[in-house]
Amino acid sequence: MRARHAAAEGRTHWRRSLAVAAPALLAAGGLGSAMATGALAVDLRIQDQPVDFTTSSLYGTQYGAAVVDQSVVRPDGTTGTERVLRMGFADGVINGLCLSRRQQFAGATYTLLLTLGDDDPGSWEIRTQNTVLDLRNATGVLDMDGIVDLNTNGADVKTVKDATGAYVVNPLDSPQHRFGIQARYAKFDRITGTAQDFQIPGLLTTPKLSLSVRPGTVACPAPAAPTGTPGTP
């Protein structure tokens, strides 16, 4: 359909959408970046509305998950809470990551597409610290190892370290008597999901970051099956 549009019209439409939608993602996501040692160091936070995502694999140490109540702003402007599964880990590696979020501009829908990492399903090239995801839904294959604890007291989960290297008490801010999981290691493969809140506040390094604005609704590609084994976070 885009190929049949007049060239001038297409260019004008693209420039307008890029001028408005790209800054919207950068501001709403709180995305700052700087080049360091050949990799892109990013503090990534996407918090104001849900974001769809896919990844081939996520592997981390000191994995924890618990059911929490996340504050949300509804389409009509009112506020409330939504029950989500908050998942976090202290140090980790990610095998490619795609984030997709829709934006409305002048009555039209655009998709902001953010991709990180390379195209190698065996590299686990993205490194993170103190990662927290509030999941509305997700599918994939989860393997846990080391000391694995399934409990009904989410406040016991410890997964984030402070500046001294000590684990923060109840970093997931989960209430008492809620379902919780924690494990020394966790590997989550072929994830497709929606996150209400996506935070990597400590450090994220990736060899490549790409931001594009697409007309209409565009989904992240289905995640490829990982190959090999992840490196040590």
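Here we summarise the structure given alongside this text. (Residues numbered from 1 in each chain as written. Predicted model: local features only at pLDDT ≥ 70, side-chain atom pairs only at ≥ 80, totals over all residues. Heavy atoms only, no water.)

**Topic: the nonpolar core**
(1) Moving on: The biggest cluster of nonpolar side chains holds 25 residues, and the ones touching the most others in it are Leu44, Phe53, Met87, Leu97, Leu99 and Phe198.
(2) Moving on: A per-element tally of this core places strand E8 (residues 180-206) first, with 8 residues. (Core = buried A, V, L, I, M, F, W, Y, C linked by side-chain atoms within 4.5 Å. Buried < 20%, exposed > 50% of the residue type's maximum accessible area, 1.4 Å probe, protein only. Helix = DSSP H or I, 4+ residues; strand = E, 2+ residues; numbered from the N terminus.)

**A few points about empty space enclosed by the protein**
(1) Moving on: Enumeration over the complete set of coordinates arrives at 1 cavity of 30 Å³ or more.
(2) Moving on: Elements with a contribution of two residues or more to the lining of the largest cavity: strand E3 (51-73), strand E7 (126-151) and E8.
(3) Moving on: Here the lining of the largest cavity gets 3 residues from one element, more than from any other, and that element is E3.
(4) Moving on: Split into classes, the residues belonging to the lining of the largest cavity amount to 7 nonpolar, 2 polar and no charged. (1 Å grid on protein atoms, 1.4 Å probe; cavity = no way out; pocket = protein on both sides within 12 Å on 5 of 7 lines; lining within 4 Å. Points joined across faces, edges and corners; volume = space filled by probe spheres on them. Nonpolar A, V, L, I, M, F, W, Y, C, P; charged D, E, K, R; others polar.)

**Some details on the packing of aromatic side chains**
(1) Moving on: Summed over the entire model, instances satisfying the criterion amount to 2 aromatic pairs.
(2) Moving on: Aromatic side chains Tyr59 and Tyr185 sit 6.4 Å apart centroid to centroid with 10 degrees between the ring planes, which places their arrangement in the stacked category. One end of the pair, Tyr59, is in strand E3; the other, Tyr185, is in strand E8, and 126 residues separate them in sequence.
(3) Moving on: Given the relative accessible area of 15%, Tyr59 is considered buried.
(4) Moving on: Taking the centre distance of 6.5 Å and the plane angle of 50 degrees together, the rings of Phe105 and Tyr110 count as tilted.
(5) Moving on: The ring of Tyr185 has Arg184 sitting right over it, with the charged end atom 4.8 Å from the ring centre. (Phe/Tyr/Trp six-rings, centres within 6.5 Å; stacked < 30°, edge-to-face > 60°. Lys NZ or Arg CZ within 6 Å of the ring centre and 35° of its normal.)

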